[in-house]
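Commentary on secondary and tertiary structure
These are the residues of each chain, in order.
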Amino acid sequence: MSALWSVGAGLLLLLLWVRHRGLEAVLVHHRWVFVCLFLLPLSILFDIYYQLRAWAVWRLHSAPRQHAQRVRHIQAQVREWKNEGSKRYMCTGRPGWLTVSLRVGKYKKTHKNIMINLMDVLEVDSERQVVRVEPLVTMGQLTAHLNPMGWTIPVVPELDDLTVGGLIMGTGIESSSHIYGLFQHTCVAYELVLADGSLVRCSPTENSDLFYAVPWSCGTLGFLVAAEIKMIPAKKYVKILYEPVRGLQKICEKFTEESKKKENNFVEGLLYSLDEAVIMTGVLTDEAEQSKINRIGNYYKPWFFKHVEKYLKADRTGIEYIPSRHYYHRHTRSIFWELQDIIPFGNNPIFRYLFGWMVPPKISLLKLTQGEAIRKLYEQHHVVQDMLVPMKSLEKSIQTFHVDLNVYPLWLCPFILPNNPGMVHPKGDEAELYVDIGAYGEPKRKQFEARASMRQMEKFVRSVHGFQMLYADCYMTREEFWDMFDGSLYHKLREQMNCKDAFPEVYDKICKAARH
């Protein structure tokens, strides 16, 4: 009974404090209070619901049978839109706050919402080494499903909540991308409902123009209802070599050298300052030295980027064996390093052991509860950007990031970019090695101004024939946007498939200059 009185008294004091400071002030300056008391428990309930649902669906084998029926329902909604006179654009009915992108999708309020409730793994074809999934299947769900069967997918983008649909219609990358390319390059077929309500399958040999135009189109060519993704055999561990490197030139040389080695299954770099980094290379293996196994995904373990930093501070190399699924989602618990700005004490051992099992809060719930004040604060004083630049421009790019943003750590992830048709491809006729530079956090540059600084960054990326990931805030004009991306195939298909009255152009959907 005394415990209940203590809890009640604590809650009363908390409410009085919130009332005194004001709810908005608490949410902006002490957001960890709200996150720890409300969002973490809600996130746990969210996870439990979706895990139970996925388990029940698979046990009852209902997903394949219900898939066709659900697709017909989507087609019926599109035909209803046509019968109503096609008066406004269509978009998916999924609420904007459920997406991992930090962008607020205001278009949802004015467009015709098409409900797409497709979140199941449909088929694992071991003979073809292909898994067929619905678009709302998440990376956490897919790896949990495939790994016990001895399979994984070649590119497993980092965060658990990233969906297959988002990774195809936008893009996705991981430290294996120097071998396999972006997430889209591991897909062998897509199924879409088009603007006329028809269902179409596309692949490199069937409706190939559509197959190559879908990635990066952000749902402006049709509604994705299924995808087929390559599978590769899974192994138990990833053997990681941590190598601290100092000096920007040496960092770039080492990172480029390791990225070209096909014997490295994984390559990743964390840049902690302009001239300090840890380069990590990994190899899949079924054997491990027991004393060097690090189950980094366990809730009480240090956040991965903090663990890596220890090798830099100690100025020593190291080898560890990380269970494969732990490795694939190594940055999930700390949302890379974003969580340190939300829960400043989140990596403290006491917090990890007592409450680490509840981390991270769902990004979707963070968005839902952020409010206008926090959204504006983040927009002006916070950066979440991924810029894809040719590897040969890495050193110049890091210097530009330092001058324009001064955000650390920076995430370095190499990828091979094949010369396929579509919005994103190298400038020449052959595949080229690129690198994703990820900047997440509060810029330390004096006089940082979000729009001016990001426009400067975008200008630089265009000048080296790079690309900006479209989940983030984009400040380019329409002309600048189509200078960065190749719109020839995209615009041709929008004309052929009568998309112009059905879906907005990708620029109008994602760029701030078009939305404001």
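Parameters and conventions
- Residues numbered from 1 in each chain as written.
- Predicted model: local features only at pLDDT ≥ 70, side-chain atom pairs only at ≥ 80, totals over all residues.
- Heavy atoms only, no water.
- Helix = DSSP H or I, 4+ residues; strand = E, 2+ residues; numbered from the N terminus.
- Contact = heavy atoms within 4.5 Å.
- Pairing = 2+ DSSP bridges.
- Axes fitted to C-alpha atoms, helices over the stretch in contact; angles between N-to-C directions.
- UniProt positions renumbered as here; feature names shortened; annotations may be inferred.
- Expected span 1.5 Å × (residues − 1).
- Buried < 20%, exposed > 50% of the residue type's maximum accessible area, 1.4 Å probe, protein only.
- Phe/Tyr/Trp six-rings, centres within 6.5 Å; stacked < 30°, edge-to-face > 60°.
- Lys NZ or Arg CZ within 6 Å of the ring centre and 35° of its normal.
- Parallel < 35°, antiparallel > 145°, perpendicular 65-115°, else oblique.

1. Some words on the side chain of Asn294
Along the polypeptide, Asn294 turns up in the loop between β12 (276-285) and α10 (304-314). Apart from the residues within four sequence positions on either side, Asn294 is in contact with Lys301, His307, Glu320, Tyr321, Ile322 and Pro323.

2. Focus: the sheet that holds strand β6 (residues 187-193)
Reading across the sheet, the five strands line up as β3-β4-β8-β6-β7 and stay open at both edges, with antiparallel pairing between neighbours. Each end of this open sheet is capped by a strand with a single partner; those strands are β3 (121-125) and β7 (199-202). Neighbour to neighbour, the strand axes of the sheet diverge by 15° on average, direction disregarded. Relative to β7, β6 runs antiparallel, the two being bridged by four bridges. Within the sheet, the bridge partner assigned to Tyr190 lies in β7 and is Cys202. This element, helix α5 (residues 139-146), spans β3 and β4 (130-133) of the sheet and lies at about 40° to β3.

3. A word on the UniProt feature "transmembrane region" (unreviewed entry) in the protein chain
The sites that UniProt annotates as "transmembrane region" (unreviewed entry) are residues 32-50. Between the C-alpha atoms that bound residues 32-50 there is a distance of 25 Å. The span itself is 100% helix and 0% strand.

4. Some remarks on helix α9 (residues 248-259)
Given a rise of 1.5 Å per residue, 12 residues ought to cover 16 Å, and the 16 Å separating the end C-alpha atoms of α9 matches this to within 8%. Within the span of α9, buried status applies to Leu248, Ile251, Cys252, Lys254, Phe255, Thr256, Glu258 and Ser259.

5. Digging into the packing of aromatic side chains
In this structure the tally under the stated criterion is 25 aromatic pairs. Seen from their ring centres, Tyr299 and Tyr300 are 5.3 Å apart, and the 85° between their planes marks the pair as edge-to-face. Chaining the aromatic ring pairs together yields one cluster made of Trp216, Phe415, Tyr434, Phe467, Phe481, Trp482, Phe485, Tyr490 and Tyr507. In this structure, Arg330 packs its charged tip against the face of Tyr327, placed 4.1 Å from the ring centre.

6. Thoughts on the sheet that holds strand β13 (residues 318-323)
Strands sit in the order β13-β10-β12-β11-β15-β16-β14-β17 across an open sheet of eight strands; the sheet is antiparallel. With one partner strand each, in any of the chains shown, β13 and β17 (467-468) form the two edges of the open sheet. Note: strand β11 (residues 266-273) against strand β15 (residues 410-417), three bridges, orientation antiparallel. Bridge pairing links Gly269 to Leu412 in β15. Contacting β14 (383-390) and β17, helix α17 (residues 450-463) runs over the sheet at an angle of about 15° to β14.

7. Quick notes on the environment of Trp303
Here Trp303 lies in the loop between β12 and α10. Once the C-alpha coordinates of Trp303 and Gly346 are considered, the two residues, 43 residues apart in sequence, prove to be 8.8 Å apart.

8. Quick notes on the packing of helix α16 (residues 394-404) against α17
Look at α16 against α17: their axes get within 10 Å of each other, and the N-to-C directions meet at 170°. One way to sum up the angle between α16 and α17 is to call them roughly antiparallel. Every residue of α17 that contacts α16 at Lys396, Ser397, Thr400, Phe401 and Asp404 is listed here: Ser453, Gln456, Met457 and Phe460.

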